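Chain residues, written in single-letter form:
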Amino acid sequence: PPPNFGLPRPPIVEFRYQPLCRHNADDSTVAVCRVPNAPPSRNNVIVVDTPKSPNPLQDPSIQKYWNQRRRLFSRFDQGVQLDKEGWFSVTPEQIAGHVACQTVSMLNDNIVLLDAFCGCGGNAIAFAKHVPVIAIDLDREKLRRAAHNAKLYDIPPSRLSFVECNAAFVLMFCY
């Protein structure tokens, strides 16, 4: 097991999953460390629930992304949350979905994908539709937004785990 550096170990949760893009796939079991849920913070969270609402950041550099918000997320008006950096770095939903399906079709059945810099969750959500995903980011608020967005896309918690950590640490000591 990886070193814990004197910190209490998070609980291990075991779950079963069935890959969605496969033929004749067997059930698999994977053990994953889960971070306890925390109530989401409403500070600096952009929640949009009306199609005619103005750009809430009032930032001209975001305007071209704001104008394409429904191309970025099909469920944007249901309450997708992004921070300022998320507007620039999110992968559009259709591209993320295509990449996920193509990538998963080339891999074996028993994988868990690691999204090392998940941000607001665009790629993690797309991959979690097919395989279990562990999403890592240093920013807890981004992880909360990603968890909220995953819920909007009906991704069950057993498919997508969020870990607040340095991805380099995880890759060095856990894999």
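Residues numbered from 1 in each chain as written. Predicted model: local features only at pLDDT ≥ 70, side-chain atom pairs only at ≥ 80, totals over all residues. Heavy atoms only, no water.

**Q** In this structure, what is going on with the sheet that holds strand S6 (residues 133–137)? I would like to understand it.
**A** Where strands meet in a sheet, backbone hydrogen bonds hold them as pairs that are either parallel or antiparallel. The 3 strands lie next to each other as S5-S6-S7, forming an open sheet whose pairing is parallel. Each edge of the open sheet is held by one strand with a lone partner, namely strand S5 (113–115) and strand S7 (160–164). Adjacent strand axes in the sheet meet at a mean angle of 20°, parallel and antiparallel pairs treated alike. Pairing of S6 with S7, which is carried by 5 bridges, proceeds in the parallel orientation. Bridge assignment links Ile136 to a residue of S7, and that residue is Val163. (Pairing = 2+ DSSP bridges. Helix = DSSP H or I, 4+ residues; strand = E, 2+ residues; numbered from the N terminus. Axes fitted to C-alpha atoms, helices over the stretch in contact; angles between N-to-C directions.)

**Q** Got a minute to help me understand the side chain of Asp115 in this structure?
**A** Examined against the element boundaries, Asp115 turns out to sit in strand S5. This buried residue, Asp115, is left without a salt bridge; Lys142 holds the nearest opposite charge, at 13 Å. In terms of polar contacts, Asp115 uses its side chain to reach the backbone amide nitrogen of Ala124, at 3.4 Å. (Buried < 20%, exposed > 50% of the residue type's maximum accessible area, 1.4 Å probe, protein only. Lys, Arg positive; Asp, Glu negative; His and termini not counted. Salt bridge = Lys/Arg side-chain N within 4 Å of Asp/Glu carboxyl O. Polar contact = N/O pair within 3.5 Å; in protein donor to acceptor, adjacent residues only side chain to side chain.)

**Q** Please clarify how the pattern of salt bridges should be interpreted in this entry.
**A** Pairing between side chains becomes possible if they bear opposite charge and their charged atoms approach one another. In this structure the tally under the stated criterion is 9 salt bridges. As a salt-bridge pair, Asp77 and Arg70 come within 2.6 Å of each other at their nearest N and O atoms. Overall, Asp77 belongs to the partly exposed group, its relative accessible area being 25%. Here Lys142 and Asp139 are joined by a salt bridge, their closest N and O atoms 3.6 Å apart. Owing to a relative accessible area of 7%, Lys142 belongs among the buried residues under this scheme. What emerges from the salt-bridge pattern is a single network uniting Asp83, Glu85, Asp139, Lys142 and Arg145.

**Q** Whenever I open this one, unusual backbone geometry confuses me. Can you help?
**A** Residues other than glycine predominantly adopt negative phi, and peptide bonds predominantly adopt the trans conformation. Look at Asp154: it is not a glycine, yet its phi comes out positive at around 60°. Of note, Asp154 is situated in the loop between helix H6 (140–152) and S7. When its relative accessible area of 59% is taken as the criterion, Asp154 is described as exposed.

**Q** Would you take a moment to explain H6 for this structure?
**A** Here H6 contains 13 residues, and its C-alpha end-to-end distance of 19 Å stays within 8% of the 18 Å for a straight helix at 1.5 Å per residue. On its buried face, H6 is in contact with strand S4 (81–82), helix H3 (84–89), helix H5 (122–128), S6 and S7. Looking at the residues trailing H6, positive phi occurs at Asp154, about 60°. (Expected span 1.5 Å × (residues − 1). Contact = heavy atoms within 4.5 Å.)

**Q** Please explain the environment of Leu82 as it appears in this structure.
**A** Among the structural elements, Leu82 can be located in strand S4. Separated by 37 residues in the primary sequence, Leu82 and Gly119 have C-alpha atoms spaced 8.9 Å apart.

**Q** Explain the confidence of the model for the chain to me, please; I cannot follow it from the model alone.
**A** Any segment with low pLDDT has predicted coordinates that should not be analysed in fine detail. When pLDDT is averaged along the chain, the result is 75, and 69% of the positions lie at 70 or above. No element of the chain has a lower mean pLDDT than strand S2 (residues 28–33), at 35, and none a higher one than H5, at 94. This stretch, residues 12–51, has a pLDDT under 50; its non-local contacts, to residues over four places away or in other chains, come to 97 contacts. (pLDDT = per-residue confidence, 0-100.)

**Q** Just to check I follow, could you spell out the nonpolar core for this structure?
**A** Taken as a class, soluble globular proteins show a tendency for nonpolar side chains to be buried jointly. Of all hydrophobic cores here, the largest spans 32 residues; its most connected members are Phe73 and Leu160. Counting 7 residues, the second-largest nonpolar core is a separate cluster that includes Ile136, Cys165, Ala167 and Val170. (Core = buried A, V, L, I, M, F, W, Y, C linked by side-chain atoms within 4.5 Å.)

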